[in-house]
Amino acid sequence: MSTSTSLRPMARRLLQPNASQQIPPSFLLPSIFAPSPQIASFSSTPNSFYPRDNNKQRGVSSQRRTGLRQPVSVSKTALPTPVNAKDLPKIETDPDHGLWGFFHSKEKSLATPEEDAAHGRAWCVEELRAKSWEDLHALWWVCVKERNRIATENYERKRLNAGYGAHEAKVRAAMVRITQRGIKQTLTERYYSWREAELLAQQDPEINLSADGVSYTPKEFTEEEYVDEDVPEEVTEEEAIRAEEALKSQAIPPETKPVEKSPDAA
């Protein structure tokens, strides 16, 4: 009944002759004829009309440290107080510890892009061929140590979300990998050379590849078998004179310049 009573004045105004001027837009009609919603005022203060729920823990706040209203089994135990960072004992570390090898510096965990970019070129194969086995072995583990440092800094850079130094570290790691690739190629060439030398030694009767006895026994030559091809044959005196005359005949005479006559001589 209340709804139909409230709609009568609105319907009466719509049926008037000048209703065309008072008709609201079509998109507002649903809100006009809809029943009025229930509106409640918002307030942060508790309403005294509501009864209490008799909660014994009401008013206990961990942020304000109000504490418990009733004692519990651990109430008599004193809570530990936090220690100031300045009062903490200084932890002594070994300056020669092996884990320091994973960092370029002991003062900081990340190198600057300028420090990562300050490196030379990679070792080429031609230079590594002249190195001994001990030098190649030491250089290989230097490269492994450098790659571990770069990997540690990349992990730290990703953890801190630093946003810099990734390109310089990538170029530095590429130079190290090229050097390791050259060491592998050099050792592979030496391995094949050793295999070829081993096959030739197996066919040589002077070389003993077994572990028993002398490894190399050179063959003894007699005076009849030994011929030194580097010693020239004896030359007679007549042959020496002929060779000297042939050289003189083939010699080019020195250049002679024309003598300029003076005007007095004419």
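Each residue is numbered by its place in its chain's sequence as written, counting from 1. Residues qualify for local features only when their pLDDT is at least 70, as the model is predicted, and side-chain atom pairs are given and counted only at 80 or more; totals for whole chains, interfaces and linings, by contrast, use all residues. Side-chain metrics in this entry use all non-hydrogen atoms of the structure; hydrogen atoms and water are not considered.

By the naming in an unreviewed UniProt entry, the chain goes by Large ribosomal subunit protein uL29m and is assigned to Glarea lozoyensis. UniProt positions are given in the numbering used here, feature names are shortened, and annotations may be inferred rather than shown by experiment. Per UniProt, the comment on the chain under Sequence similarities (unreviewed entry) is "Belongs to the universal ribosomal protein uL29 family." Recorded under Subcellular location (unreviewed entry), the UniProt text for the chain is reproduced unchanged: "Mitochondrion".

Trainee: What exactly am I supposed to notice about the pattern of salt bridges here?
Mentor: Side-chain pairing between opposite charges can occur once the charged atoms of the two side chains come close. A pairing counts as a salt bridge when a side-chain nitrogen of Lys or Arg comes within 4 Å of a carboxyl oxygen of Asp or Glu. By the definition in use, this model includes 8 salt bridges. E127 is paired through a salt bridge with R121; the nearest N and O atoms lie 2.6 Å apart. Summary of the burial criterion: residues with accessible area below 20% of their type's maximum are buried, those above 50% are exposed, and those between are partly exposed, where the area comes from a 1.4 Å probe applied to protein chains only. When its relative accessible area of 29% is taken as the criterion, E127 is described as partly exposed. On the basis of relative accessibility, which here comes to 59%, the residue R121 falls in the exposed class. For E198, the salt bridge identified is with R195, shortest N-O distance 2.8 Å. Separated by 3 residues within a single helix, E198 and R195 lie in helix 7 (residues 166-203), roughly one turn from each other. Because the salt bridges share partners, they merge into one network encompassing E146, R149 and R172. In this description a helix means any DSSP run of H or I spanning at least four residues, a strand means any run of E spanning at least two, and both kinds are numbered starting from the N terminus.

Trainee: How do you make sense of the nonpolar core when you look at a structure like this?
Mentor: Most often, soluble globular proteins keep nonpolar side chains buried together rather than apart. Each nonpolar core is a collection of buried residues, namely Ala, Val, Leu, Ile, Met, Phe, Trp, Tyr and Cys, held together in the definition by side-chain atoms within 4.5 Å. L128, L136, L139, C143, V176 and I183 together form the largest nonpolar core, which totals 6 residues. Mapped onto this core, the elements with two or more residues apiece are helix 6 (133-160) and helix 7. The element best represented in this core is helix 6, accounting for 3 residues. Beyond its immediate chain neighbours, meaning those up to four positions away, L136 contacts L128, K131, I183, T186, L187 and R190. Only heavy atoms enter the contact rule, under which two residues are in contact if any of them lie within 4.5 Å.

Trainee: Looking at this structure, how should I read a nonpolar patch on the surface?
Mentor: On the surface, V60, L68, V72 and V74 cluster together into a nonpolar patch covering about 330 Å² of accessible area. Tracing the backbone shows V74 in the loop between helix 3 (29-33) and helix 4 (113-117). What makes a patch is a set of residues exposed beyond 30% relative accessible area and free of salt bridges, joined within 9 Å when like-charged and within 5 Å when nonpolar (Val, Leu, Ile, Met, Phe, Trp, Tyr). Using a 1.4 Å probe, accessible areas were evaluated by the Shrake-Rupley method; residue-level cover was limited to the displayed protein chains.

Trainee: Hey, could you run me through the packing of aromatic side chains in this one?
Mentor: What describes a pair of aromatic rings is the distance from one ring centre to the other and the angle between the planes of the rings. Stacked, edge-to-face and tilted are the three classes for Phe, Tyr and Trp ring pairs, Trp counted by its six-membered ring, which pair at centre distances within 6.5 Å; planes under 30 degrees apart are stacked, over 60 edge-to-face, the rest tilted. Using the criterion set out here, one finds 2 aromatic pairs in the structure. On the numbers, 6.1 Å between centres and 40 degrees between planes, the contact of Y191 with W194 is tilted. Taken together, the residues span about one helical turn, with Y191 and W194 both in helix 7 at a distance of 3 residues. Given the relative accessible area of 44%, Y191 is considered partly exposed. Each residue in the set Y191, Y192 and W194 is aromatic and connected to the rest through ring pairs, giving one cluster.

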